[in-house]
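Fold and geometry: a report
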Amino acid sequence: MTKYILKKPIIALIAITILGTLIRILGANWGMPVPLNPDEGTIVDSAIRMTEHHSFEPDMFARPDHLEIQINMIVDVFISHVFYKLPIQEMAQFHKDLLFTSARVITALFGVGMIVLSYLIGVKIKKAIGLIAALIFALFPGFIEYSHYASPDIPTGFFMLLCIYFCIRYMQKPAVSNLALICLSISAFIAVKYPGLILCSFVAIIVILRGIEDRSLKRIFAHGLMAMIMVPGFLFLISPVLFTNYQAVKASLIGESNPIRPGADGLGYWGNLLFYFQTYLSYSGLILFFFFLCGIYAFIKKKVDIKLIPIFFGLIYFVMLSYIGLHWERWAVPMYVSPLLISSVGVYFVYRYLKNYGLKKGNLFKTFFYVAFSIVLLNLSITSMAKLINFLVPDTRVASQSYCRANNVNVENTNFEGYSPLFPTSPKLLDPLLNNGGKYYETNPKIKYILLSNQVYGRYTFDPQRFKEQNDLLNGIATQYKLIKEYTPAQLKSSPFDLLNIIYSAKYLYQVQQKHYVGPLLKFYKVNEVNYKS
């Protein structure tokens, strides 16, 4: 069976890619007609505004997301004119949910591209490594989750892999064409997220390494100069407004670099490194991490061509991005590509070692290998299913709207947090309550309810000392006000121990089937006369 697959790797790749495509596109319309993700409007609304201005220049600069916005504009115009025979502005009034869904599908297709690129990188070593990498990338839970958001994270993973692929090609053949393709992939990354600037260091590394190997100082300077011209040149071709409106870019960089954001700050450099490492382990498991270490060993023992050193570039991104004051799990997508590629190398070389150097108990060790790798695939698969189900069942912010309508809970009579049915896509804080000697009172007589969401207050409860005021308020509400309704979704736990993580994911799948909803924990409190004070 294995020999047949290796003789027909394209068939195996197609099967893996189809599987990866299905689990990325299923649930693309999650939450609709309510767009629940706070970042998606940046892309969808910006694409619509571009058509209103008859311009191909985005007017948002935060991340900056320009390449995605441009792609979405083209797709949105096509959908509106071909299927609805309407200008996009009119179509968006009645079918905006379709535009959000199509934006998510575009992200998912970038995720599918990651599967193919991982294969193309892997086959630079061995066909089997390409297929192993494609399978791991297809099933990796973090990639499944973020492929369901119209956000820049999966595209950055795609362009990281694209850059690594062309860097390997350059190391094998230092042609100007390969250098140009590297620079183009870097420019595309920057047009999606500014940290793509980190990838410029990759060009310097490969140009210098290959130049030293060939003893060509002249080429080092020539290609270095070309790269310094081509990266900004390609970026200008993709989005000239990043240069013509550099003041907006500067303001966005300053704003986005703000190191203070509750729930995503305060760890410091080493804390950020640990955060990303632990998050990776919660997805990969310790067994796959063992194969990662075996892959490192294979490189050290020079069993893999040194020209494949770009496979490690995601680790450079991991080290450098951790200097940023904030930490978000989704930022780690480009980091993950390197340990997954190296793990694929490790899986192959462990298998070959046991096959070629089978010890006296070789068959026993091979059995251990097959069992271990099967556990890895099961862990990735069931955790991915646990991620996928979040997009197939109703979110509490949608499920609770019927309760709000039935009990007349609305924005006029409720003091509410964001990420709730009354404000589903933003982390709005509660309107202030009067603190009178440790007692908390409503000062607005119109308020009949208080609505809390753990996606907001959870940013403060994790550190009671730092956020004492906020936690005192939450405790005061819990003790002084009557809890009349609560939506308590299942919570997905994670563990670096593969078997325990499999149990957690299976338990989560069962609990979701029992509760029939996912999302934030919502608490509705009743405000009575004793809770008022002017």
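That block above? That's the structure.
Residues numbered from 1 in each chain as written. Predicted model: local features only at pLDDT ≥ 70, side-chain atom pairs only at ≥ 80, totals over all residues. Heavy atoms only, no water.

**Considering the environment of Phe137**
With respect to the helices and strands, Phe137 occurs in helix H6 (residues 127-139). Put simply, Phe137 and Leu474 are 337 residues apart on the chain and 41 Å apart in space, counted from C-alpha to C-alpha. Every residue in contact with Phe137, bar those within four places of it in the chain, is listed here: Arg24, Met114, Ile115, Ser118, Phe143, Leu161, Val337, Leu340 and Leu341. (Helix = DSSP H or I, 4+ residues; strand = E, 2+ residues; numbered from the N terminus. Contact = heavy atoms within 4.5 Å.)

**Remarks on the nonpolar core**
Where a protein is soluble and globular, its nonpolar side chains tend to be buried together. One finds Met114, Phe143, Phe159, Ile182, Ile311 and Leu340 to be the most contacted residues of the largest nonpolar core, which totals 108 residues. Not counting the four nearest positions on each side in its chain, Phe159 is found in contact with Leu67, Phe110, Ser185, Ala188, Phe189, Val192 and Leu199. Formed by 14 residues, the second largest nonpolar core is a distinct cluster that contains Leu433, Tyr440, Ile477 and Tyr525. (Core = buried A, V, L, I, M, F, W, Y, C linked by side-chain atoms within 4.5 Å. Buried < 20%, exposed > 50% of the residue type's maximum accessible area, 1.4 Å probe, protein only.)

**Here we look at the packing of helix H14 (residues 268-300) against helix H15 (residues 313-321)**
Two elements in contact, H14 and H15, have axes separated by 9 Å at closest approach and are oriented at 150°. Considering their axes alone, H14 and H15 lie roughly antiparallel with respect to each other. On the side of H14, the interface is formed by Tyr269, Leu273, Tyr276, Phe277 and Phe292, while H15 contributes Leu315, Phe318 and Val319. The class makeup of the residues in the contact of H14 with H15 is 8 nonpolar, no polar and no charged. (Axes fitted to C-alpha atoms, helices over the stretch in contact; angles between N-to-C directions. Parallel < 35°, antiparallel > 145°, perpendicular 65-115°, else oblique. Nonpolar A, V, L, I, M, F, W, Y, C, P; charged D, E, K, R; others polar.)

**Re unusual backbone geometry**
Omega for the bond connecting Met32 with Pro33 falls within 30 degrees of zero, at 15°, which places this linkage in the cis form. Structurally, Pro33 is set in the loop between helix H2 (9-25) and helix H3 (40-52). The linkage connecting Arg63 with the following residue, Pro64, adopts the cis geometry, with an omega of 15°. Structurally, the position occupied by Pro64 is in the loop between H3 and helix H4 (66-83).

**Here we look at the packing of helix H8 (residues 153-172) against helix H16 (residues 333-356)**
With their axes 7 Å apart at the nearest point, H8 and H16 run at an angle of 45° to one another. Taken together, the axes of H8 and H16 are oblique relative to one another. Helix-helix and strand crossings are classified by hand; for H8 and H16 the assignment is right-handed. Of H16, the residues touching H8 (which contributes Asp153, Ile154, Thr156, Gly157, Met160, Leu161 and Ile164) are Val333, Pro334, Val337, Ser338 and Leu341. Broken down by class, the residue content of the contact of H8 with H16 amounts to 8 nonpolar, 3 polar and 1 charged. (Left-handed = near helix turned anticlockwise from the far one by under 90°.)

**Details of H16**
End to end, H16 covers 35 Å across 24 residues, agreeing with the expected 34 Å (1.5 Å per residue, within 8%). With 19 of its 24 residues buried, H16 lies for the most part within the structure. (Expected span 1.5 Å × (residues − 1).)

**What about the pattern of salt bridges?**
The tally for this structure, following the rule as stated, stands at 14 salt bridges. Between Arg104 and Glu40 there is a salt bridge whose closest N-O contact spans 2.8 Å. Taken as a pair, Arg104 in helix H5 (residues 88-122) and Glu40 in helix H3 lie far apart in primary sequence, 64 residues in all. Exposure remark for Glu40: the relative accessible area of 0% places this residue in the buried category. (Salt bridge = Lys/Arg side-chain N within 4 Å of Asp/Glu carboxyl O.)

**Here's the deal with the side chain of Ser282**
Examined against the element boundaries, Ser282 turns out to sit in helix H14. On the accessibility criterion, Ser282 (13% relative accessible area) is buried. Within the local environment of Ser282, its side chain forms a polar contact with the backbone oxygen of Thr279, the two atoms lying 2.5 Å apart. Those residues in contact with Ser282 that sit more than four places away from it in its chain are Ser494, Ser495 and Asn501. (Polar contact = N/O pair within 3.5 Å; in protein donor to acceptor, adjacent residues only side chain to side chain.)

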